Amino acid sequence: MAGYISYFKLDEWFTETFSLDEQKYMDEKYSVGGMGDTPLFFGKNATAYNASAAYFLADLIQWFNTKELYSIGLRLAKKAEELFEEKKESVLNKHFFYMNMIKFYYKNRENEDNLQKAISYCEKQISISKQAAKDFKKDSLMGSFCLPFHTGFEQLAIVEKKNKNWNRVIELSEEAKADGWAGDWDKRVAEVNSKL
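Residues numbered from 1 in each chain as written. Predicted model: local features only at pLDDT ≥ 70, side-chain atom pairs only at ≥ 80, totals over all residues. Heavy atoms only, no water.

Visitor: Please provide a residue-by-residue account of the side chain of Lys94, values included.
Guide: Checked against the element boundaries, Lys94 lands in helix H6 (residues 91–107). The buried charged residue Lys94 lacks any salt bridge partner; its closest oppositely charged side chain belongs to Glu86, at an N-O distance of 5.2 Å. Excluding anything up to four places from it in sequence, Lys94 contacts Phe84, Glu86, Glu89 and Ile128. (Helix = DSSP H or I, 4+ residues; strand = E, 2+ residues; numbered from the N terminus. Buried < 20%, exposed > 50% of the residue type's maximum accessible area, 1.4 Å probe, protein only. Lys, Arg positive; Asp, Glu negative; His and termini not counted. Salt bridge = Lys/Arg side-chain N within 4 Å of Asp/Glu carboxyl O. Contact = heavy atoms within 4.5 Å.)

As structure tokens, this is what we get:
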């Protein structure tokens, strides 16, 4: 009987990387808020997870993305990056992988080179935004609904605004709007134009 860590054959890494107390804590935290009642490591068998181990770990980071749990989140992020094979992932899997990495690194931007990593992942997510938008629209769950917010465009626009790179903020906003991503893009452009 095993959870997702075993499902993705990450047992050895997991037990070598995290203390027994951390493993138990992670398992309990994920079991309460994660994918139903399937634990990370101990207990019931994992149900099918239609993605790679790298995608799973990037998704898992959201449960440990607080200042207090930074050390756990960072170890998950490093392993996710190590396992991530861009060529083998679908565009939407890449989109969500990048989104989770942006959220983790930007939230912890005061540590090490995390701000640069967040910016790099924003750029990667933006680079596939047109295809991701098409794939979202084709997805049967999305149907004819509007596209969601785009973390890469949003976060990079915020970074560029803080750096007073006004033309880049306008460029990002216009591109996001043209691709159809939700957001206050016109308002953002108007705000920048009022500063210029």
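Visitor: Break down the nonpolar core for me, with residues and values.
Guide: One finds Phe56, Leu57, Leu76, Phe97, Met101, Tyr105 and Trp181 to be the most contacted residues of the largest nonpolar core, which totals 52 residues. No other element matches H6, which puts 9 residues into this core. With sequence-adjacent residues up to four places away left out, Leu57 is seen in contact with Leu10, Trp13, Leu76, Lys79, Ala80 and Leu83. Counting residues in each nonpolar core, the second largest holds 5 residues, with Trp166, Ile170, Val189 and Val192 among its members. (Core = buried A, V, L, I, M, F, W, Y, C linked by side-chain atoms within 4.5 Å.)

Visitor: Outline unusual backbone geometry, listing residues and values.
Guide: Of note in the backbone geometry, Lys9 takes a positive phi value of approximately 55° without being a glycine. Structurally, Lys9 can be placed in the loop between helix H1 (4–7) and helix H2 (11–17). Phi at Lys164 takes a positive value of approximately 60°, unusual for a residue other than glycine. With respect to the helices, strands and loops of the structure, Lys164 is situated in the loop between helix H9 (151–162) and helix H10 (166–179).

Visitor: Quick rundown of the packing of aromatic side chains? Include the residues and the values.
Guide: Going through the model one piece at a time under the given rule, you end up with 21 aromatic pairs. Considering the side-chain rings of Trp13 and Phe14, the 6.4 Å spacing of their centres and the 50° angle between planes classify their relative orientation as tilted. Of the two residues examined, Trp13 and Phe14, each falls in the buried class. Look at Phe97 and Tyr98: their rings are 6.1 Å apart centre to centre, the planes differ by 75°, and that puts the pair in the edge-to-face class. The class for Tyr98 is buried, based on a relative accessible area of 1%. In this structure an aromatic cluster arises from ring pairing among Tyr70, Phe84, Phe97, Tyr98, Phe104, Tyr105 and Tyr121. Residue placement shows Arg109 over the ring face of Tyr106; its charged tip is 4.2 Å from the ring centre. (Phe/Tyr/Trp six-rings, centres within 6.5 Å; stacked < 30°, edge-to-face > 60°. Lys NZ or Arg CZ within 6 Å of the ring centre and 35° of its normal.)

Visitor: Run through H9, naming residues and quoting values.
Guide: Helix length check: H9, at 12 residues, gives a terminal C-alpha distance of 16 Å against a target of 16 Å (1.5 Å per residue), a fit within 8%. The buried count for H9 comes to 9 of 12 residues, which makes it a mostly enclosed element. All of the buried residues along H9 are Thr151, Gly152, Phe153, Glu154, Gln155, Leu156, Ala157, Val159 and Glu160. (Expected span 1.5 Å × (residues − 1).)

Visitor: Pulling in residues and values, what's your account of the pattern of salt bridges?
Guide: For the structure shown, the criterion picks out 11 salt bridges. Among the salt bridges present, the one from Asp179 reaches Lys130, with a minimum N-O distance of 3.1 Å. Within this pair, whereas Asp179 is found in helix H10, its partner Lys130 is found in helix H8 (residues 129–138), the two being separated by 49 residues in sequence. Taking the shortest distance from any N to any O, the salt bridge between Glu191 and Lys161 comes out at 2.7 Å. Taken together, the residues span a long stretch of sequence, with Glu191 in helix H11 (residues 185–195) and Lys161 in helix H9 at a distance of 30 residues. Overall, Glu191 belongs to the partly exposed group, its relative accessible area being 31%. Here the salt bridges do not stand alone but share partners, grouping Lys130, Glu175 and Asp179 into one network.

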